[in-house]
Amino acid sequence: MKKLVLIAALFASSVAVAQKNKQASPSPAAAPSYNSSPKVFSGNFGLNQGAINLGLALDSGAENGAFGGSFFLQTEKEDDGVTKVYQVMTFGAHVKLNVFDQANWVVDLRPGVNISIVSDVPSASGKDDKTVFGPSLRWGAAYRMSGGKQIGIERLEVWNWFDDDVQKEDAFTSLVFRTDF
């Protein structure tokens, strides 16, 4: 009896699959529009031992895989003629990857590459400016508000691959404000 039920079920399912679909075919899918995703502008502000951090970034879209670029400046901070924080200017390119994107919260990573200029680095001939190159990682969490705006916290980490006279990595934490346009 079980074999008969199994054979009947297999036959019925094969006949149902073999029948032509008499429904109307769906309309063709529209081609993706590359201008449909917004551009996202970010502004950063932070402090590091009294030195001011300012940054700007632009992403080509809000989705995963969006390309972007950034500029970041940390001012110098001296105390009694001794440099506590060096001036660092860094700019580069990155790819945006959303780790968590639910309701009003977004957590993202932006791996990339940066060129950094570190001012007044002590050297054998006094002080010298150094230009370094290496990977970067920008990661943050932001709260979405109405009108395509976000506010949150972001950390930028830059690494130096090639110059031994400058620290191998630097990190900056700041407040971030983002808006779609």
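The structure presented is a predicted model; accordingly, all values stated were derived computationally and were not measured. (Residues numbered from 1 in each chain as written. Predicted model: local features only at pLDDT ≥ 70, side-chain atom pairs only at ≥ 80, totals over all residues. Heavy atoms only, no water.)

Moving on, we get to unusual backbone geometry. One non-glycine residue, Gln49, lies in the positive phi region at around 55°. By secondary structure assignment, the location of Gln49 is in the loop between β1 (40-48) and β2 (51-59). Among the residues examined, Gln49 registers a relative accessible area of 52% and is labelled exposed. One non-glycine residue, Asp80, lies in positive phi territory at about 55°. (Helix = DSSP H or I, 4+ residues; strand = E, 2+ residues; numbered from the N terminus. Buried < 20%, exposed > 50% of the residue type's maximum accessible area, 1.4 Å probe, protein only.)

We now examine empty space enclosed by the protein. Evaluated as defined, the whole model comprises 2 cavities of 30 Å³ or more. For the largest cavity, the calculated volume is near 90 Å³. Lining the largest cavity are Val88, Ser116, Val118, Val132, Val158, Trp159, Asn160, Val166, Gln167, Lys168, Glu169 and Asp170. Listing elements by their share of the lining of the largest cavity, those giving two or more residues are β8 (105-123), β10 (149-159) and β11 (169-180). Across the lining of the largest cavity, the residue classes break down as 6 nonpolar, 3 polar and 3 charged. Space inside the second largest cavity adds up to approximately 30 Å³. Put simply, the parts of the chain that give the lining of the second largest cavity at least two residues each are β8 and β9 (126-144). Ranked by residue count, the leading element in the lining of the second largest cavity is β9, at 3 residues. Class assignment for the residues of the lining of the second largest cavity results in 2 nonpolar, 4 polar and 2 charged. (1 Å grid on protein atoms, 1.4 Å probe; cavity = no way out; pocket = protein on both sides within 12 Å on 5 of 7 lines; lining within 4 Å. Points joined across faces, edges and corners; volume = space filled by probe spheres on them. Nonpolar A, V, L, I, M, F, W, Y, C, P; charged D, E, K, R; others polar.)

With that out of the way, let us pick up the pairing of β10. Across 9 bridges, the pairing between β9 and β10 is antiparallel. Across the sheet, residue Ala141 finds its bridge partner in β10, namely Ile153. Between the antiparallel neighbours β9 and β10 lie 4 residues, among them Gly147 with a positive phi of about 80°. Here β10 pairs with β11 via 11 bridges, running antiparallel. (Pairing = 2+ DSSP bridges.)

A cluster of nonpolar side chains, Phe41, Leu56, Leu58, Phe71, Phe91, Val113, Ile115, Phe133, Trp161, Phe162 and Phe181, forms an exposed patch at the surface whose accessible area comes to about 1,100 Å². Residue position: Phe133 is located in strand β9. (Patch = residues over 30% accessible without salt bridge, like charges linked within 9 Å, V, L, I, M, F, W, Y side chains within 5 Å. Areas by Shrake-Rupley, 256 points an atom, 1.4 Å probe, with all protein chains shown as cover. Salt bridge = Lys/Arg side-chain N within 4 Å of Asp/Glu carboxyl O.)

Should their charged atoms come close, side chains of opposite charge can pair. Considering all chains together, one arrives at 11 salt bridges under this definition. Linking Arg178 and Asp108 is a salt bridge whose minimum nitrogen-to-oxygen distance equals 3.2 Å. In this pair, Arg178 is assigned in strand β11 and Asp108 in strand β8, connecting sequence segments 70 residues apart. Each member of the pair, Arg178 together with Asp108, is buried.

Below, the discussion takes up the side chain of Ser42. Tracing the backbone through its elements, the reader meets Ser42 in strand β1. Given the relative accessible area of 2%, Ser42 is considered buried. Excluding residues that lie within four positions of it along the chain, Ser42 makes contacts with Gly55, Leu56, Ala57, Val176, Phe177 and Arg178. (Contact = heavy atoms within 4.5 Å.)

Here we take up the pairing of strand β7 (residues 97-102). Two strands pair when backbone bridges link them, and β7 and β8 are joined in this way by 5 bridges, in the antiparallel orientation. Counterpart to Asn98 in the pairing with β8 is Asp108. Adjacent in sequence and paired antiparallel, β7 and β8 are bridged by 2 residues, among which Ala103 carries a positive phi angle near 45°.

Remember that the coordinates give geometry; whether it matters functionally is a separate question.
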